[in-house]
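# Residue-level structural notes
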Amino acid sequence: MISLNIDGKYVKVPEGSTILDAAKQLGIDIPTLCHLKLDDAVGMVNKSASCRICVVEVKGRRNLAPACATPVVEGMEVRTNTIRVMNARKTVLELLLSDHPKECLTCAKSGNCELQELAERFCIREVRFQGEESTYKKDHSPALERDMDKCVMCRRCETMCNDVQTVGVLSGINRGFSSVVAPAFERPLVDTVCTFCGQCAAVCPTGALVERDYSWQVIEALADPDKVVVVQTAPAVRAALGEEFGLEPGTLVTGKMVAALRQMGFDYVFDTDFAADLTIMEEASEFLDRLNRFLAGDKDVRMPILTSCCPAWVKFFEHQFPELLDVPSSAKSPQQMFGAVAKNFFAKKLGIPREKLVVVSVMPCLAKKYEASRPEFSENGNPDVDISISTRELAHLIKRSNIDFMSLEDQDFDRPLGESTGAGVIFGTTGGVIEAAVRTAVEWATKKPLEKIDFTELRGMQGCREAWVQVGDLKLHIGIAHGLGNARHLLQAIKEGRGEMFHAIEIMACPGGCVGGGGQPYHHGNFDIVRKRAEALYREDAGKPIRKSHENPEIIKLYEEFLGKPMSETAHHLLHTHYFK
Ligand code: HC1
Ligand code: SF4
C-alpha cells in the first residue's frame, strides 16, 4: 500500500493507483472530462488523459500533473484546489469553449453535457480566447448523428469503439487544429462497418455523438386521424425510464410507462416482451432441432447456436465473421417479430391495411433504429416497425406532452400483444435471453416441469462467462458474452475450433446487455446504474405469475389461431430471417 496526502488528508491506496483513485477514496471530487472507467467486469478505461481538466499540484514537481494518469508514490503531497490549479482548469475550459459551438440551448445534449456542467461549475462567464472554429460536415445515419464541431477530443468514443467493441471505426485523424475523431477518410458511418451499437454516443461527454431523434415522427403519427398507432416497449426500458424523472436507478416504472403512453394517445400499448416470448418459442425449437440432429451424428448441423436478437451483434458478425452466417439462430429479434405480427396479424384482426397501422418501438438501443430500416423487414416499402425511439426520446415525449409522470397511476398493457412472462422480461439483461431459452428448451426436452425456474448460474456481469446446465443425461455447455470485444473472443475460438464445444451462446453488443444500451438515460460511466437496472428486471421476472415463454396464454393462442406451430411455414416466413455479407 502507498500512503499519500491530498489536501491535508492522509490516505493509503494500492500500488498502481492514480491520484484520482486516491482522491475518490477520500471523497474529494477532482473534476474530469475525458476520463472514463466503466467497470472491472467490462474492463473499459479511457487512458487518453487529453483534456487536462483534472490537473493537480504535486509538491516538488514543476508542472501540474493530470490526476487520472499520475500514479501515486509514497509520501506524495497533492493539492487539488490551489489558485494555480483553478486557473489552469479555467484556461483549459476556455480553450475548449473557444472552438465549441455556442448552441447549448438547442443542443440534443443540453442538460446532460459534461462540458456544459464544467463550464457552470467553474463559473465561465466569458471566453477570453477567440479564433478559428471547426466546421465539419455533419454525418446522419439511421441510428446516430455525428457533429464533430462539438468534439472535445476526449477519445472516449474511440476507446469504446476500438478497445471495448473492437469494431475500430472511430479513431483520431489529422493533426493540430484539424484533429478529429472520425472513420477512416472521414467516410459517413453508414459506409463503414459500424454496428450502430451506440456505445460511442453513450459515453460522449458532449453533443458530438447523439441518437437520430425520431420523436417528432411519433407526434405526427399520433396526430394523424387516418392512422392506428401501436407501441411496443422493450424489456430494458421499464428499468431505466424512471431515472429521467429523478427516480433511483433500478426503479421499475412499467405501470406508469403504460399509463403515459396511453395518455399520449397511442391506440394500443403493447409489449416487446410478448414478442420476446415468441422469439423463445422459435429459438428454443430451432435449438432443440439442431441439438437432436447433432447428437444423432448429423455432420452438416452447425453448433453452437448463437442468439440473434441484438441488431448490433448481427451487423458485427455479418461484417466480421461472414463465414459463420449460418451459425446464429435465424429467429428475428423480438422488435421485428412484433412488427411482423402487428402488420400481418393484428392489422387483419382490426380489418385495416398494414399501411394504416403505425408500429412504434421504444428501445434502450440505437441499433434498433437501423434494424427497423433494413429492407428485408418491410413489405412493398412499408416497414414492419415504422419508428424506433430510444428510452431518452420517450422521456422527452412524455415531458413535451405535459404529462406529470410521477403522479400517474399504474396501468396494464393491452391484449393480446401485451401479455408476457418473466422470461420475456429478462431479455433486457446479459444472460437473460439464454436463461429464457433454457427454461423452455429444458422443459420441452425433458417433458417434465422445471424443478427450479431461476438459472442463477447464467447470471452476472463478467464479460465472458460459461455455465453448464443438466438436461437428462446431457450437460449443456452455455456461453455468454456482452460487449462486442468479448463476442469476438468467443467467435474467434469457434472459428478456429479451439476450446471445449459450446451448445449455445448468447451475445449482446452492449456492456450489461440492453440495460446498458446506447439509448438509455446517460449513466456517465457509473456501471452500478446498469447493474441496478438488471436487478430490477430479475425482480419483475420473479414477481410475474407466469415465467416461461411457452406458457404465455396469448402466445399459445397466436400459434393456434395463426402461426400453427413453431418453425411452421408461416412462422418461417414471418418470424425468421437470413444474414448478409
Ligand atoms: Fe433488447 Fe430485445 S432484449 S434486443 O436488448 O431481444 O433493444 O430491452 O427489446 O428486439 O425483447 C433492446 C431490450 C429488446 C429485442 C427484446
Ligand atoms: Fe463504433 Fe458502436 Fe459507435 Fe459504431 S456505434 S462507431 S460500432 S462504438
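Because the structure is a prediction, the values reported are computed rather than measured.

### Quick notes on the overall build of the protein
Of regular secondary structure, the protein possesses 18 helices and 22 strands. For 581 residues, the compact-globule formula gives about 25 Å, and the C-alpha radius of gyration of the protein, at 25 Å, lands near that figure. Counting across all 581 residues of the protein, residues that qualify as buried make up 60%. In the protein, the share of contacts with a sequence separation of at least 24, taken over all contacts with a separation of at least 6, comes to 74%. Carbon and sulfur atoms provide 51% of the accessible area of the protein, an area that totals close to 23800 Å². Taking the 69 positively charged and 79 negatively charged side chains of the protein as two groups, their mean positions are separated by 4 Å.

### Notes on the site of ligand 2
Residues in close proximity to ligand 2 include Leu144, Cys161, Val167, Leu170, Cys194, Thr195, Phe196, Cys197, Gly198 and Cys200, which together make up its full environment. Across the shell around ligand 2, the residue classes break down as 8 nonpolar, 2 polar and no charged.

### Regarding the pattern of salt bridges
Inspection of the entire model under this criterion finds 48 salt bridges. A salt bridge links Lys548 to Glu551; the shortest N-O distance between them is 3.4 Å. Under the relative-accessibility criterion, Lys548 is labelled buried at 8%. Via salt bridges that share partners, Glu435, Arg439, Asp454, Arg459, Asp541 and Arg547 belong to a single interconnected network.

### A few points about the sheet that holds strand S9 (residues 144–146)
Here 3 strands make up an open sheet; going across it, the order is S8-S9-S12 and the pairing antiparallel. Each end of this open sheet is capped by a strand with a single partner; those strands are strand S8 (139–140) and strand S12 (209–211).

### Here we look at the pairing of strand S20 (residues 464–471)
Only one face of S20 is covered, namely the face carrying Arg465, Ala467, Val469 and Val471; the face carrying Cys464, Glu466, Trp468 and Gln470 is uncovered. Hairpin connection from S20 to strand S21 (residues 474–482): 2 residues lie between these consecutive antiparallel strands, with Gly472 at a positive phi of about 55°.

### A word on helix H14 (residues 432–446)
With 15 residues, H14 should cover 21 Å at 1.5 Å per step; its first-to-last C-alpha distance of 21 Å lies within 8% of that length. Extensive coverage of H14 is indicated by the burial of 12 of its 15 residues. Turning to H14, its buried residues number three or more, namely Gly432, Val433, Ile434, Glu435, Ala436, Ala437, Val438, Arg439, Thr440, Ala441, Val442 and Glu443. The secondary structure elements touched by the buried residues of H14 are helix H8 (272–295), helix H13 (422–425), S20, S21, strand S22 (504–508) and helix H16 (527–542). Lys447 occupies a position one or two residues after H14 and carries a positive phi of about 55°.

### Thoughts on the packing of aromatic side chains
Under the defined criterion, the tally for this structure stands at 11 aromatic pairs. Taken together, a centroid distance of 5.2 Å and an interplanar angle of 40° make the contact between Phe196 and Tyr370 tilted. Here the residue Phe196 occupies a position in the loop between strand S11 (180–182) and helix H5 (199–203), and Tyr370 occupies one in helix H11 (residues 367–373), the gap between them amounting to 174 residues. Among the residues examined, Phe196 registers a relative accessible area of 2% and is labelled buried. For Tyr370, a relative accessible area of 10% corresponds to the buried category. On the basis of an interplanar angle of 80° and a centroid distance of 5.1 Å, the ring pair of Phe317 and Tyr579 is categorised as edge-to-face.

### Structural notes on the nonpolar core
Grouped together as the largest cluster of nonpolar side chains are 109 residues, with contacts concentrated most on Leu241, Phe266, Phe287, Trp313, Leu394 and Ile398. The dominant element in this core, judged by the number of residues it contributes, is H14, at 7 residues. Setting aside chain neighbours within four positions, we find Ile398 in contact with Leu241, Phe245, Ala260, Met264, Ile403 and Phe405. Within the second largest apolar cluster, 29 residues are counted, among which are Phe274, Ala340, Val341 and Phe345.

### Looking at the packing of helix H10 (residues 334–350) against helix H17 (residues 553–563)
It is the contact of H10 with H17, at a shortest axis distance of 12 Å, that shows an interaxial angle of 80°. As the angle between them shows, H10 and H17 are arranged roughly perpendicular. Listed contacts from H17 to Val341, Asn344, Phe345 and Lys349 of H10 are Leu558, Glu561 and Phe562. Split into classes, the residues belonging to the contact of H10 with H17 amount to 4 nonpolar, 1 polar and 2 charged.

### Describing helix H7 (residues 254–264)
Among the 11 residues in H7, 9 count as buried, and that is most of the element. For H7, the full list of buried residues reads Thr254, Gly255, Lys256, Met257, Val258, Ala259, Ala260, Leu261 and Met264. Where H7 is buried, its residues touch helix H6 (215–223), strand S13 (228–233), strand S14 (268–271), helix H12 (391–400) and H16. One or two positions beyond H7, positive phi appears at Gly265, with a value near 115°.

### Some details on the sheet that holds strand S16 (residues 357–363)
The strand order S14-S13-S16-S19 describes an open sheet built from 4 strands, whose pairing is parallel. Because the sheet does not close on itself, it has two edges, and the strands there are S14 and strand S19 (387–390). For this sheet the average axis-to-axis angle between neighbouring strands, irrespective of direction, equals 25°. Across 4 bridges, the pairing between S13 and S14 is parallel. Looking at the pairing, Val230 lines up with Tyr268 of S14. Along the sheet, H10 contacts S13, S14, S16 and S19; its crossing angle with S16, the most-contacted strand, is approximately 155°. Against the sheet, H12 contacts S16 and S19, and its axis sits at roughly 90° relative to S19.

What counts, and where the lines are drawn
Residues numbered from 1 in each chain as written. Chains lettered and ligands numbered in written order. Predicted model: local features only at pLDDT ≥ 70, side-chain atom pairs only at ≥ 80, totals over all residues. Heavy atoms only, no water. Helix = DSSP H or I, 4+ residues; strand = E, 2+ residues; numbered from the N terminus. Rg over C-alpha atoms; globule rule 2.2 N^0.38 Å. Buried < 20%, exposed > 50% of the residue type's maximum accessible area, 1.4 Å probe, protein only. Contact = heavy atoms within 4.5 Å. Areas by Shrake-Rupley, 256 points an atom, 1.4 Å probe, with all protein chains shown as cover. Lys, Arg positive; Asp, Glu negative; His and termini not counted. Charge placed at Lys NZ, Arg CZ, Asp CG, Glu CD. Near = heavy atom within 4 Å. Nonpolar A, V, L, I, M, F, W, Y, C, P; charged D, E, K, R; others polar. Salt bridge = Lys/Arg side-chain N within 4 Å of Asp/Glu carboxyl O. Pairing = 2+ DSSP bridges. Expected span 1.5 Å × (residues − 1). Phe/Tyr/Trp six-rings, centres within 6.5 Å; stacked < 30°, edge-to-face > 60°. Core = buried A, V, L, I, M, F, W, Y, C linked by side-chain atoms within 4.5 Å. Axes fitted to C-alpha atoms, helices over the stretch in contact; angles between N-to-C directions. Parallel < 35°, antiparallel > 145°, perpendicular 65-115°, else oblique.

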